[in-house]
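Below, each chain spelled out in residue letters.
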Amino acid sequence: MSMPDTATPDRQHLSPRPACPTAVAPDARPLVALRLTVNNHPGVMSHVCGLFARRAFNVEAILCTPVNGGQVSRIWLLVAEDERLEQMVRQVRKLHDVLDVRRRPAGGEGFARLAECMAAWERETAGQ
Amino acid sequence: MPTHTPSRSTSGPAPGAAPAPRKRQPNGADLVIRLLERQGIDVIAGIPGGANLPLYDALGRAGSIRHVLARHEQGAGFMAQGMARVTGRPAVFFATSGPGATNTLTAIADAKLDSVPVVCITGQVPLSLVGSDAFQEVDIYGMSIPVTKHNFLVRSVEELAEVIPAAFRIAASGRPGPVLVDIPKNVQMAPVDQAVFDNPPLPGQPAPPPAPDPAGISRAAALLDAAKRPMLYLGGGVVASGASDMAVQLAERAGLPTVMTLMALGAMPAGHPLSLGMLGMHAARHTNLLLAECDVLLVAGARFDDRAVGKAERFCPQATIIHIDIDESELDKILPVHCGITGDVGLALAELLPLLRTRAEAGREAWLTRVEECRRRHPFVMPGADDPRTPYGLIRCAADAVDHDAIVATDVGQHQMRTAQAYPLRGPRRWLTSGGLGTMGFGLPAAIGAALARPEATVLCFTGDGSLQMNIQELATAAEEGVNVKILLADNNALGLVRQQQELFYEGRLVASSYRRKVDFARIAEGFGVPAVDLDASEHPLRDLADALRAPGPCLIRVTVPAGANVYPMVPPGADNLHMIGGEPEPGDAMPALSEDDDDSDTHADATGGRHVHA
């Protein structure tokens, strides 16, 4: 994803990032990024988020974008690495609208860049 | 699809039309009924309402599917479950939008927890009104997500042709489960291209079952061959995959004493020399004692429910566990297993069987002798089994009076646990009980569904007064359909299992567990058109029971049982399975009240003694 660099003049807005996810969860466990490929239709987010909520598994951040012309979407979930993660991944794989699940260790950079992008939106909104 | 003529007349050809009368153009509802016919559906339970009237109109026009008008949508859901549980094939029920849809949720959740393939088709307000808080609008799609295997909100008539077969495929594939299809009224009424209607897609069929990993099978065989005290643990997945015979063959070949979960009862016939019956909270004492001694446990199609395994960390502490399940997420969920195999249980057992050393080759006689000794020392105690006016006697005497093919449904409570302990089930798919959700009110409508699917069978429905009152309105359905359902009511005018827990674990403080007013169930039944027999008033209760069971059609047989008669043995919720209360054979005192300490020392001494035999 390309991000327009609109934030050059006043980066001080970004430097303390209290709400920005980093590579560790608030309780200092390392974070993992789950990459889900899902059918793109209304209700898929409910299925995915509801599953995490009802199995009492916290999600630190969510990003969802359509891919390939909108037939499918990509959902990125940032979650804490713990002993129940494998169980959660198996539960996610059972959802019929979830076509693929992969995971990778979450470095902070990707989400930090996303936070920059959001910070820009915040500024624009604040100016309204 | 655009149509050339705006008129969709249902009242025959218009004046001046061509001589051959034009066929009425089918709509979405007609297509749904056609797709259901092609799935082999011949009975649908349900209740009509504003938002599913087009479906009912199409059902009536087609005339090919018998509709059973339930008195409550939960009843319709359990009727569908009854059909699905005895046949193993998906069954369908209908409900309208709003309250009709919310009323289905308990039956759907019950099907989810017990892995029963049902398809619930709800009407929804027209799409243009969805989200507007329209009359009888609820977001049943959103509400049913956590309790379904999958669900659909059909947004166009074109989707119907895909969604209906997909619903059946999903419900029946892999681990079965419930699917909800929510169809807005405008989709039901939208015209369907005649070509699509005449050549609809193929029926949805279950996907081929996943083959187990051969390396896992070899490891399992090696572990079992080396075992000194192996046991087999069967769950509902064995019944679902049609693997009961295979499981029995495997147990016989390798000489494996076998326990079953509540859901698997009947998978190995009662009375089989290797059967130790149900394990867990209300198991016979010897069953739980022997599990604590086993060194290798083969678990097939089960999910380590807490009512079965008790405190999971203390379950089978000496055992290496092999776990076969079609649902990968069940492996390592409750207990870390030493050998997990994802795959169809039937396929896995069939591959495992020829690899195993036989009972003689593996030298299992010492273990099997120990099993028999433990069974003799700690037999299951069934007071009053010969008297139909006792809690156990009602079950045993009814079983004696019907043939081995009778179907047995239960409600939820003390009568359910007693039926699980005492009814001699001879085969799979004859046992209908709400295992995972424990839904009071399950029994009667599930029994009606079973009788609809197996009209030649006698269906016994063991129930209690608390449970029966939760779907008692379905007595009207039973009478209307003339189903061969015999309701056996053990009436203690109380919520017996609640009362039992209050007595045992809340220092005897009985709160809200007894009814202050007695219900005249015989008169209620007769008011609904169901004949009733009150064994309390009978001079020849055995004969009257047998006569009532023999007469065709529905019947209610009632007997008063004491509210203070508890179900034993009992493992307290959260305790380990060796912590059994009661159920000891004591001459002159059928139900000794053991203190927890006494019970503990006794069971530990016994378990140790058992190990010494093989030390």
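Quantities reported herein were computed from a predicted structural model and do not represent experimental measurements.

A word on helix α5 (residues 105-113) of chain B
Here is step 1 of the chain: Turning to α5(B), its buried residues number three or more, namely B:L105, B:A107, B:I108, B:A109, B:D110 and B:A111.
Here is step 2 of the chain: Among the structural elements, α3 (73-87), β3 (91-95), α4 (99-103), β4 (118-124), α6 (140-144) and β6 (179-184) of chain B are those in contact with the buried residues of α5(B).

So, empty space enclosed by the protein
Residues and elements named next belong to chain B.
Here is step 1 of the chain: Enumeration over the complete set of coordinates arrives at 1 cavity of 30 Å³ or more.
Here is step 2 of the chain: Taken as a whole, the largest cavity spans an internal volume of roughly 40 Å³.
Here is step 3 of the chain: Considering the residues around the largest cavity, the lining is formed by P391, L394, I395, H415, R418, F462, T463, L488 and A490.
Here is step 4 of the chain: Contributions of two or more residues to the lining of the largest cavity are made by α18 (391-401), α19 (414-422), β15 (459-464) and β16 (485-491).
Here is step 5 of the chain: Ranked by residue count, the leading element in the lining of the largest cavity is α18, at 3 residues.

Observations regarding the confidence of the model for chain B
All names here are of chain B.
Here is step 1 of the chain: Predicted confidence across chain B gives a mean pLDDT of 92, with 92% of residues reaching 70 or more.
Here is step 2 of the chain: Across residues 1-14, confidence stays below pLDDT 50; counting only partners more than four residues off in sequence or on other chains, it has 11 contacts.
Here is step 3 of the chain: Across residues 588-615 the pLDDT falls below 50, and counting only partners more than four positions away or on other chains, this stretch makes 41 contacts in the model.

Focus: the interface of chain A and chain B
Many authors give the size of an interface as the accessible area that is lost as the parts come together.
Here is step 1 of the chain: Of the residues lining the interface, 12 residues belong to chain A; the matching set on chain B comes to 15 residues.
Here is step 2 of the chain: Between chain A and chain B, a total of about 1,200 Å² is buried, with carbon and sulfur atoms accounting for 51% of that surface.
Here is step 3 of the chain: Connecting chain A to chain B are 3 salt bridges.
Here is step 4 of the chain: Of the charged contacts, one joins A:R90 and B:E328 as a salt bridge, the two residues approaching to 3.9 Å between their closest N and O atoms.
Here is step 5 of the chain: Counting across the chain A and chain B interface gives 8 residue pairs in polar contact (both at pLDDT 80 or more).
Here is step 6 of the chain: Of all the secondary-structure elements, those providing two or more residues to the side of chain A that touches chain B are α1 (44-54) and α2 (85-93) of chain A.
Here is step 7 of the chain: The class makeup of the residues in the side of chain A that touches chain B is 1 nonpolar, 7 polar and 4 charged.

Considerations on the packing of helix α10 (residues 214-225) of chain B against helix α15 (residues 345-352) of chain B
All names here are of chain B.
Here is step 1 of the chain: One can describe the packing of α10 onto α15 by two numbers: an axis separation of 10 Å at closest approach and a directional angle of 55 degrees. In terms of orientation, α10 and α15 fall into the oblique class. Once α10 is placed against α15, the crossing between them reads as right-handed. Contacts between α10 and α15 pair I217, A220, A221 and L224 from the former with A348, E351 and L352 from the latter.
Here is step 2 of the chain: Among the residues forming the contact of α10 with α15, the class breakdown is 6 nonpolar, no polar and 1 charged.

Focus: the layout of surface pockets
Here is step 1 of the chain: A volume near 1,200 Å³ is recorded for the second largest pocket.
Here is step 2 of the chain: As for the second largest pocket, its lining consists of 49 residues, of which A:Q91, A:K94, B:K112, B:D327 and B:S329 are closest to the centre.
Here is step 3 of the chain: Contributing elements (two or more residues each) for the lining of the second largest pocket: α1, α2 and β4 (98-105) of chain A together with α5 and α7 (157-172) of chain B.
Here is step 4 of the chain: Counting residues per element, the lining of the second largest pocket draws most heavily on α1(A), at 5 residues.
Here is step 5 of the chain: If you count residues domain by domain, the lining of the second largest pocket takes at least three from each of domain 1 (28-198) and domain 2 (214-377) of chain B.

How each quantity is defined
Within every chain, residues take consecutive numbers counted from 1 along the sequence as written. Both sets of labels track the order of writing: A upward for chains, 1 upward for ligands. Given that the model is predicted, a residue must reach a pLDDT of at least 70 before its local features are reported, and side-chain atom pairs must reach 80 or more before they are shown or counted; all residues, however, enter totals for whole chains, interfaces and linings. Note that the side-chain values use all heavy atoms of the structure and ignore hydrogens as well as water. The cut-offs for exposure are 20% and 50% of the maximum accessible area for each residue type, with area from a 1.4 Å probe on protein chains only; residues under the lower value are buried, those over the upper are exposed, and the others partly exposed. Helix and strand definitions here come from DSSP, where helices need a minimum of 4 consecutive H or I residues and strands a minimum of 2 consecutive E residues; each element is numbered from the N-terminal end. The criterion used for residue contact is that any of the two residues' heavy atoms lie within 4.5 Å. Cavity: a set of points on a 1 Å grid over the protein atoms alone where a 1.4 Å probe fits but cannot get out. Pocket: an open set with protein on both sides within 12 Å along at least five of seven lines, its lining residues, like those of a cavity, having an atom within 4 Å of a point. Grid points are joined across faces, edges and corners, and a volume is the space filled by probe spheres set on the points. pLDDT measures the predictor's confidence residue by residue and takes values from 0 up to 100. Here's the idea: put two parts together, see how much 1.4 Å probe accessible area each one loses, and the total over both is what we call buried area. The salt bridge criterion pairs a side-chain nitrogen of Lys or Arg with a carboxyl oxygen of Asp or Glu, the two atoms within 4 Å. Any pair of nitrogen or oxygen atoms within 3.5 Å is treated as a polar contact; in protein, a donor-acceptor pairing is required on top of that, and neighbouring residues in sequence qualify only through side-chain atoms on both sides. Residues are grouped as follows: Ala, Val, Leu, Ile, Met, Phe, Trp, Tyr, Cys and Pro are nonpolar; Asp, Glu, Lys and Arg are charged; every other residue, Gly included, is polar. Note on geometry: axes are lines fitted to C-alpha atoms, helical ones only across the stretch in contact, with angles between N-to-C directions running from 0 to 180 degrees. In what follows, roughly perpendicular refers to angles from 65 to 115 degrees, roughly parallel to angles under 35, roughly antiparallel to angles over 145, and oblique to any angle outside these ranges. By convention, the crossing between two helices is left-handed when the near helix turns anticlockwise from the far helix through less than a right angle, and right-handed when the turn is clockwise. Note that domain bounds follow an automatic or database assignment of domains.

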